[in-house]
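Coordinates in review
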Amino acid sequence: MTERPHTSAPRITVLPVQPGDPPFRIVEIDGEVIGSATAMTDVLIAAATAGIPVHDLDDPASVRWVGGGKLRWKPH
């Protein structure tokens, strides 16, 4: 029998950019909307507030970026 490593969804999900002034992205933690972010630092602050250490924003085990990565903050 082949064992599979335990994979779990990241606790933090950052949804696609929404138009606004300024543009923003909705942030979910553990499947619950906790607010919006206008920059990467807002995501880190939200994670810290929730007690979630994030050492690498590019690590898919830490953060799931929907509709573009950590550098996308403007709508298409």
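Here, every reference points to the structure presented above.
Summarised in this report is the structure supplied together with it. (Residues numbered from 1 in each chain as written. Predicted model: local features only at pLDDT ≥ 70, side-chain atom pairs only at ≥ 80, totals over all residues. Heavy atoms only, no water.)

**Some details on the overall build of the chain**
The test is simple: Only DSSP runs of H or I reaching four residues or more are called helices, and only runs of E reaching two or more are called strands; each is numbered from the N terminus. Type-normalised accessible area, obtained with a 1.4 Å probe on protein chains alone, sets the label of each residue: buried when under 20%, exposed when over 50%, and partly exposed for intermediate values. Pairs of residues are marked as contacts when any of their non-hydrogen atoms sit within 4.5 Å. Each accessible area is a Shrake-Rupley estimate made with a 1.4 Å probe; only the visible protein chains count as cover when residues are assessed. Counted as positive: Lys and Arg. Counted as negative: Asp and Glu. His and the chain ends are not counted at all. Throughout, a charge is located at the NZ atom of Lys, the CZ atom of Arg, the CG atom of Asp or the CD atom of Glu.
If you tally the helices and strands in the chain, you get one helix and four strands. For the chain, the sequential pattern of α-helices and β-strands runs β-β-β-α-β. Seen through its principal axes, the chain has C-alpha atoms that stretch 55 × 30 × 20 Å. The buried share of the chain, taken over its 76 residues, is 26%. Partitioning the contacts of the chain with sequence separation of at least 6, the portion at a separation of at least 24 is 44%. Carbon and sulfur atoms make up 55% of the accessible area of the chain, which totals about 5400 Å². Computed over 7 positive and 9 negative side-chain charges, the separation of the two mean positions in the chain equals 7 Å.

**Things to note about the environment of valine 14**
Structurally, the position occupied by valine 14 is in strand β1 (residues 12–18). For the pair valine 14 and alanine 46, spaced 32 residues apart in sequence, the C-alpha to C-alpha distance is 11 Å. Those residues in contact with valine 14, other than ones at most four positions away along the chain, are Arg25, Ile26, Val43, Val63, Arg64, Trp65 and Val66.

**Focus on the pairing of strand β3 (residues 32–37)**
Walk down a regular strand and you will see the side chains alternate between the two sheet faces. To keep things clear, this is the line we draw: At least two DSSP bridges between two strands are required for those strands to pair.
Note: strand β2 (residues 24–29) against β3, five bridges, orientation antiparallel. Pairing of isoleucine 26 across the sheet is with serine 36, part of β3.

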